[in-house]
Every structure is written in C-alpha cells, then in structure tokens.
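# Topology and contacts: notes
Now for the letters of each chain:
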Amino acid sequence: MLLIHCPYCDETLPEAEFAYAGEAHIARPADPMATSDEEWRDYLFIRTNARGPHYERWRHVHGCGRFFNALRDTVSDRFLMTYKAGVPRPDLPATEDAQ
Amino acid sequence: MTRFSAMSLLKNALTGQKGWREQWPDSQPRAEYDVVIVGAGGHGLGAAYYLAKEHGITNVAVIDKGWLGGGNTGRNTTIIRSNYLYDESARLYDHAVDLWEGLSQELNYNVMYSKRGVMMLAHNVHDIHSFQRHIHANRLNGVDNAWLTPGEAKVFCPPLNISPKARYPVLGAALQMRAGTARHDAVAWGYARAAAARGVDIIQNCPVTAIRRGPDGAVTGVETARGFIRAKKVAVSAAGHTSVLMDSAGLRMPLESYPLQALVSEPVKPCFPCVVMSNTVHAYISQSDKGELVIGSGTDQYTSYSQRGGLPLIEHTVAAICEVFPIFNRMRMLRKWGGIVDVTPDRSPILGKLPVPGLYVNCGWGTGGFKATPGAGHLLAWTVAKDAPHPINAPFTLERFTTGRLIDEAAAAAVAH
C-alpha cells in the first residue's frame with residue numbers, strides 16, 4: 001500500500017484514505033465557445049501518461065477531503081513530493097535520475 | 001514446420017521424444033522490412049500471421065522488448081466473451097469469437113479454447129436492468145446471451161451461493177454459452193509458430209526505443225536496442241507502453257496505463273465448471289485445466305508502469321470471491337502478478353490508421369484484450385495490408401476522440417470490462 005503525505009493534514013497516511021484524481025495542471029479552456037474540437041479533445045482525453053515522474057491530483061477523501069497535487073514516479077510508484085492545490089507546478093527534483 | 005498429428009506424437013513417443021525441433025527460430029533483425037510490428041503478444045503475432053497468410057506479406061518482423069507472450073498475453077485471466085452492448089463492439093468481439101472457434105485447427109496448435117460459458121451475476125435492480133438490456137441488444141446483434149434465475153444459475157454453477165441472506169444476494173445472471181477460456185501461452189506460441197513458418201522474423205529481447213519519421217512525415221523505421229530497422233510500415237501493438245512509443249513519433253494518445261492484477265490458487269480437483277463474473281462485488285473466477293482457480297482483480301486507481309499493483313485490491317477481490325463462493329474461503333492463493341493495461345476514455349480500443357503515413361496502431365484494449373486476440377490480429381493485418389480499415393474496425397479510430405463519436409462501453413459495462 002502506498003503511503004501518501006497530505007500537505008494540508010501534514011501527515012503521511014495509507015493509500016486507502018485517498019482517491020486518485022488524474023493528471024494535474026490541466027486547465028479547462030477559458031472560452032468554451034471559441035475552443036476547437038482539437039482543443040476539446042486535448043483537454044478532455046489526451047493525457048501525458050508519463051513513464052517516470054508524473055504530476056497528478058489526489059484527494060484526501062477520508063481525511064480533510066481536500067484536493068492536492070503530487071509528483072510520483074510511475075515506474076517505482078514512489079512519491080517524490082506532494083504540494084497544495086494552486087501552487088504552480090514545481091520543477092523535477094534535480095537528484096532524481098531520469099527513468 | 002513439422003505438423004503435429006497423432007502420427008507424429010506416436011513416432012516421437014517410440015523414439016524417446018528426441019525428434020522434436022524448435023518451433024520457431026530465434027531470428028536476428030535484418031536491415032529492412034516491409035512491415036515491422038512492435039509487440040510480440042498474441043495481437044502482434046496474430047497480425048503477423050494473418051499478414052503472411054491472407055495478404056501474402058511475409059517480409060515482416062515482430063519485435064518485442066522481452067520474450068514473446070510475456071506481457072499481458074501471459075498475464076490475463078484468459079476469459080473470452082463477446083456480450084458487449086453497442087453494435088460496433090458486438091461486431092468486433094464476435095468477430096474474434098468466430099475466429100477462436102477454428103483457431104486450434106487453423107494453427108495446428110491446441111489453444112484449448114473451451115466454450116464453458118461465462119455467467120455474469122446480477123446483485124441489485126440496476127444490474128438486472130442493465131444485463132437484460134445487454135441480453136436484448138446482444139440478441140438483436142446475433143450474439144448469444146440468456147437470462148438465468150438464481151436457481152438456474154446455481155444449477156449451472158453449483159459452488160455459487162444464492163442464499164437470499166447473502167450481503168449481495170444473487171438476483172439472476174446473464175449467461176453467454178459461446179464464451180469461455182483458452183490457454184493464453186498456447187495462443188502466442190501457436191501464432192508465433194505459424195507466422196515463423198511463413199517467413200516472419202520474431203525478434204525477442206530487443207526493445208524498440210523510438211519510431212522514426214522522414215522529412216515528409218511518413219514512417220521510416222524504428223530505433224531498437226540492436227540498431228535502426230528500416231520499415232515501410234510500422235504497426236504498434238504494445239499495450240501499456242503504446243503512448244510512450246507514440247510520443248517518439250510526435251503523437252499524443254488518449255491513453256492511460258494502469259496495473260491490472262490477477263492471482264491463482266493452489267491447484268485443486270475440478271470443482272468449477274464455468275467462468276463467473278460479478279461486476280458489483282468485482283470478482284471474476286474460473287478454474288484452469290491445471291486445477292488452479294484463476295481470479296481477476298481490478299486496476300489500481302493510479303496510473304503506473306510497475307507491473308505489480310497494490311495489495312488492497314487483492315484483499316478486496318479475495319473478500320468478494322469468499323462472499324459469492326463460501327466454498328473457497330479456506331483456499332490458499334499461490335501467486336499474484338500485474339500487467340500494465342492501456343485504457344481509453346471510452347474503454348473501447350483504437351485499431352486503425354494514424355495521422356502519420358505508414359503508422360498503424362492496435363491499442364486501448366484496457367482490461368479486456370485477450371478475448372479479442374484473433375480478431376485484433378486479423379483486423380490489424382487487414383488495415384496494414386490495405387492501408388484502410390476493415391468495416392469491423394472502421395469505427396475504432398483515433399479521430400473519434402475529436403469528432404465525439406465515442407463507443408462508450410465504459411458507461412455500458414460499469415466496472416469489469
């Protein structure tokens with residue numbers, strides 16, 4: 001079971017308390033009427049599906065109930081960091097060797 | 001290729017089984033091929049076989065980063081069925097079942113296709129409505145599927161607990177008799193042997209690292225661990241790693257890769273006559289010919305390439321099995337494993353041409369690709385050979401995510417796929 005650090009509760013807790021909520025930092029098109037089919041496709045369906053460090057959203061459903069973001073390596077499933085929603089996307093940690 | 005027959009078995013039995021030769025050579029890559037297929041699972045090997053047999057294209061290489069059949073082909077729960085809701089899916093999966101019927105004879109290799117029936121359990125009113133809708137849709141599409149009462153379900157599968165006091169009582173079931181199981185390794189080996197006999201090169205332990213395109217945008221070949229291989233056409237059938245490979249060709253795919261787990265028990269005497277699936281409690285189970293109970297679990301909630309999967313899912317699955325089949329509650333489990341499945345937003349595959357000339361894809365089978373193996377291979381071969389999709393796979397384009405013509409089996413199938 002994964003251990004996940006909730007940046008709001010400031011506690012590291014078992015995966016069963018959390019719900020995965022997909023890739024992070026995907027912004028809804030600001031002007032839906034002016035958005036093309038291709039842009040809707042990219043927003044709705046296209047995902048990075050990274051093999052390696054992956055920016056993603058989690059929700060602490062059985063705790064504070066809040067959404068936060070995480071950077072997790074999808075090969076080792078190790079969490080590299082978690083951070084609060086609304087914080088700009090952090091750079092990859094320099095020490096992490098690219099998978 | 002030596003044909004297997006009663007005579008060849010007898011002859012080898014009398015000569016100490018020393019006359020058997022390797023079933024396919026360990027090919028080394030050549031500099032150029034007409035078609036390169038990435039991924040030597042059942043789908044990729046099947047495509048190579050049908051390219052050679054039905055379209056006369058034999059200058060073909062199937063390249064895999066591991067050994068053939070070592071990915072999801074060797075990691076699934078071997079269930080075959082075609083009781084899908086939508087017309088497009090029913091045609092696609094029933095095409096595969098049609099090919100399963102004669103596959104052992106066609107390949108001269110026993111794939112042990114067993115039409116033992118797949119029974120899907122209804123545990124609540126929503127399940128009953130949903131399954132009866134499926135049954136009616138299936139019958140209109142010529143796909144067999146029938147409704148069973150709890151009593152009839154118990155007769156068909158005696159270990160089933162139909163007590164009304166159960167936490168999730170069985171209220172009925174949908175049964176597809178033509179559905180069943182096959183031996184997954186034999187499918188990969190049978191296709192490999194038959195394709196190699198027609199001149200296809202099967203190159204194992206050779207990771208494809210990138211797809212190369214020329215100045216005109218068309219595919220020129222693939223970069224591999226053993227150097228560049230030129231190819232007129234490249235077909236990608238790489239399951240969970242498809243989107244990684246497509247990135248190298250400049251294509252972003254509507255795919256996410258999840259670990260899907262399965263487990264088997266210790267082998268026991270025959271006690272379980274069919275395949276039973278329950279979407280609501282999320283358990284599916286059958287018994288292999290070796291005697292192990294083969295149990296399918298779910299996908300983890302997060303994307304991953306770890307080929308392991310989390311233990312909470314296994315716990316959940318085993319609890320569901322014990323609930324539906326109390327007879328198994330002291331059974332010991334032997335091993336569990338995971339495979340990486342590529343899931344599309346509508347849970348239907350993408351099988352066809354891509355915007356890149358000379359590049360074809362067979363992906364997005366998600367958690368249910370094994371059942372489609374012969375059909376996917378057959379249709380991919382057709383699409384590559386004719387540079388146009390077969391009518392059966394024509395709706396399963398990448399473009400449907402732009403036009404909105406989704407084939408939304410995700411909504412139709414609820415959980416298990």
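The present account deals with the structure reproduced in this document. In this text the structure is predicted, and so the values were computed from the model without any measurement.

All names here are of chain B. Quantified by volume, the second largest pocket comes out at close to 450 Å³. Lining the second largest pocket are 21 residues; nearest its centre among them are Thr78, His184, Ser288, Lys290 and Glu292. Those elements that provide at least two residues to the lining of the second largest pocket are α7 (184-197), β14 (283-287) and β16 (333-343).

A word on the sheet that holds strand β4 (residues 118-122) of chain B. Residues and elements named next belong to chain B. Taken in spatial order, the eight strands make up an open sheet running β5-β6-β4-β13-β14-β15-β12-β16, and their pairing is mixed. Edge positions in the open sheet fall to β5 (146-148) and β16, since each of these has one partner strand only. Within this sheet the neighbouring strands show an average axis-to-axis angle of 25°, counted without direction. Where helix α9 (residues 311-324) meets the sheet, its contacts fall on β4, β12 (256-265), β14, β15 (293-299) and β16, and the angle it forms with β15 comes to roughly 130°.

Moving on, we get to the pattern of salt bridges. All names here are of chain B. Counted according to the given criterion, the structure contains 18 salt bridges over all chains. Between arginine 332 and glutamate 266 there is a salt bridge, with its nearest N and O atoms 3.4 Å apart. Placement of arginine 332 in the loop between α9 and β16 and of glutamate 266 in the loop between β12 and β13 (275-278) is noted, with a sequence separation of 66 residues between them. Taking relative accessible area as the criterion, arginine 332 reaches 58% and is therefore assigned exposed. Under the relative-accessibility criterion, glutamate 266 is labelled partly exposed at 22%. Among the salt bridges present, the one from glutamate 292 reaches lysine 290, with a minimum N-O distance of 3.9 Å. When its relative accessible area of 63% is taken as the criterion, lysine 290 is described as exposed. Through salt bridges with shared partners, one network takes in Asp94, Asp98, Glu101, Lys115 and Arg178.

Inspection of the entire model under this criterion finds 18 aromatic pairs over all chains. Residues A:Tyr20 and A:Trp58 carry aromatic rings whose centres are separated by 5.3 Å and whose planes lie at 70° to one another, so their mutual orientation is edge-to-face. Here A:Tyr20 is found in strand β3 (residues 19-23), whereas its partner A:Trp58 is found in strand β4 (residues 53-59), with 38 residues between them in sequence. Residue A:Trp58 is classed as buried on the basis of its relative accessible area, which comes to 0%. A connected cluster of aromatic rings, assembled from ring pairs, spans A:Tyr20, A:Trp58, A:Phe79 and B:Tyr302. Over the face of the ring belonging to A:Tyr8 we find A:Arg66, whose NZ or CZ atom lies 4.0 Å from the ring centre. A cation over an aromatic ring shows up here: B:Arg167 above the ring of B:Tyr168, its NZ or CZ 4.4 Å from the ring centre.

On to the nonpolar core. Residue and element names in this part refer to chain B. Ranked by size, the top nonpolar core spans 52 residues in total, and within it Ile37, Leu45 and Trp100 carry the most contacts. Secondary structure elements with two or more residues in this core: β1 (32-38), α2 (42-55), β2 (60-63), α3 (87-101), α4 (103-107), α7 and α10 (373-386). No other element matches the eight residues that α7 contributes to this core. Excluding residues within four positions of it along the chain, leucine 45 makes contact with Gly39, Ala40, Val62, Leu68, Ala188, Tyr191, Ala192, Ala195 and Ile202. If you look at the next biggest cluster of nonpolar residues, it comprises 31 residues, including Val236, Leu245, Leu251 and Val356.

Because each turn of an α-helix spans 3.6 residues, side chains separated by three or four positions in sequence point in the same direction. All names here are of chain B. Between the first and last C-alpha of α7 there are 20 Å, a value that for 14 residues agrees with the 20 Å anticipated at 1.5 Å per step. α7 sits mainly inside the fold: 11 of its 14 residues count as buried. Listing the buried residues of α7 in full gives His184, Ala186, Val187, Ala188, Gly190, Tyr191, Ala192, Arg193, Ala194, Ala195 and Ala196. Here the buried face of α7 lies against α2, α3, α4, β8 (201-203) and α10.

Opposite the 24 residues of chain A that make contact, chain B presents 24 residues. Summing both sides of the interface, chain A and chain B together bury roughly 2100 Å²; the carbon and sulfur share of this comes to 50%. Counting the surface chain A buries against chain B, the share from its top three residues, A:Phe45, A:Asn49 and A:Arg51, is 32%. On the surface where chain A and chain B come into contact, there are zero salt bridges. For the interface between chain A and chain B, the tally reads 13 residue pairs in polar contact (both at pLDDT 80 or more). Residue assignment for the side of chain A that touches chain B shows that the elements contributing at least two residues are β3, α1 (37-44) and β4 of chain A.

All names here are of chain B. Within the secondary structure layout, alanine 96 lies in helix α3. For alanine 96, a relative accessible area of 0% corresponds to the buried category. Alanine 96 sits 281 residues away from glycine 377 along the chain, and the two C-alpha atoms are 9.2 Å apart. Ignoring any residue separated from it by four or fewer positions in sequence, one finds alanine 96 in contact with Lys371, Ala372, Pro374 and Gly375.

To describe two helices that pack against each other, one gives the angle between their axes and the distance between the axes. Residues and elements named next belong to chain B. Closest axis-to-axis distance for the α2/α7 pair is 8 Å, and the angle between their directions is 30°. The angle between α2 and α7 falls in the class roughly parallel. Taken as a pair, α2 and α7 cross one another with a handedness that is left-handed. Residues Gly42, Leu45, Gly46, Ala48, Tyr49 and Tyr50 of α2 form the contact with α7, whose participating residues are Ala188, Tyr191, Ala192, Ala194 and Ala195.

What follows concerns the side chain of B:Thr344. Residues and elements named next belong to chain B. Structurally, threonine 344 is set in the loop between β16 and β17 (350-353). One polar contact links the side chain of threonine 344 to the main-chain carbonyl oxygen of serine 348, over a distance of 2.7 Å. Those residues within four positions of threonine 344 in sequence are excluded, and the remaining contacts are Pro254, Leu255, Ile350, Gly364, Arg400 and Phe401.

Reading the values: the criteria
Residues numbered from 1 in each chain as written. Chains lettered and ligands numbered in written order. Predicted model: local features only at pLDDT ≥ 70, side-chain atom pairs only at ≥ 80, totals over all residues. Heavy atoms only, no water. 1 Å grid on protein atoms, 1.4 Å probe; cavity = no way out; pocket = protein on both sides within 12 Å on 5 of 7 lines; lining within 4 Å. Points joined across faces, edges and corners; volume = space filled by probe spheres on them. Helix = DSSP H or I, 4+ residues; strand = E, 2+ residues; numbered from the N terminus. Pairing = 2+ DSSP bridges. Axes fitted to C-alpha atoms, helices over the stretch in contact; angles between N-to-C directions. Contact = heavy atoms within 4.5 Å. Salt bridge = Lys/Arg side-chain N within 4 Å of Asp/Glu carboxyl O. Buried < 20%, exposed > 50% of the residue type's maximum accessible area, 1.4 Å probe, protein only. Phe/Tyr/Trp six-rings, centres within 6.5 Å; stacked < 30°, edge-to-face > 60°. Lys NZ or Arg CZ within 6 Å of the ring centre and 35° of its normal. Core = buried A, V, L, I, M, F, W, Y, C linked by side-chain atoms within 4.5 Å. Expected span 1.5 Å × (residues − 1). Buried area = accessible area lost by both parts, 1.4 Å probe. Polar contact = N/O pair within 3.5 Å; in protein donor to acceptor, adjacent residues only side chain to side chain. Parallel < 35°, antiparallel > 145°, perpendicular 65-115°, else oblique. Left-handed = near helix turned anticlockwise from the far one by under 90°.

Such coordinate-based values are descriptive only and should not be taken to indicate function.
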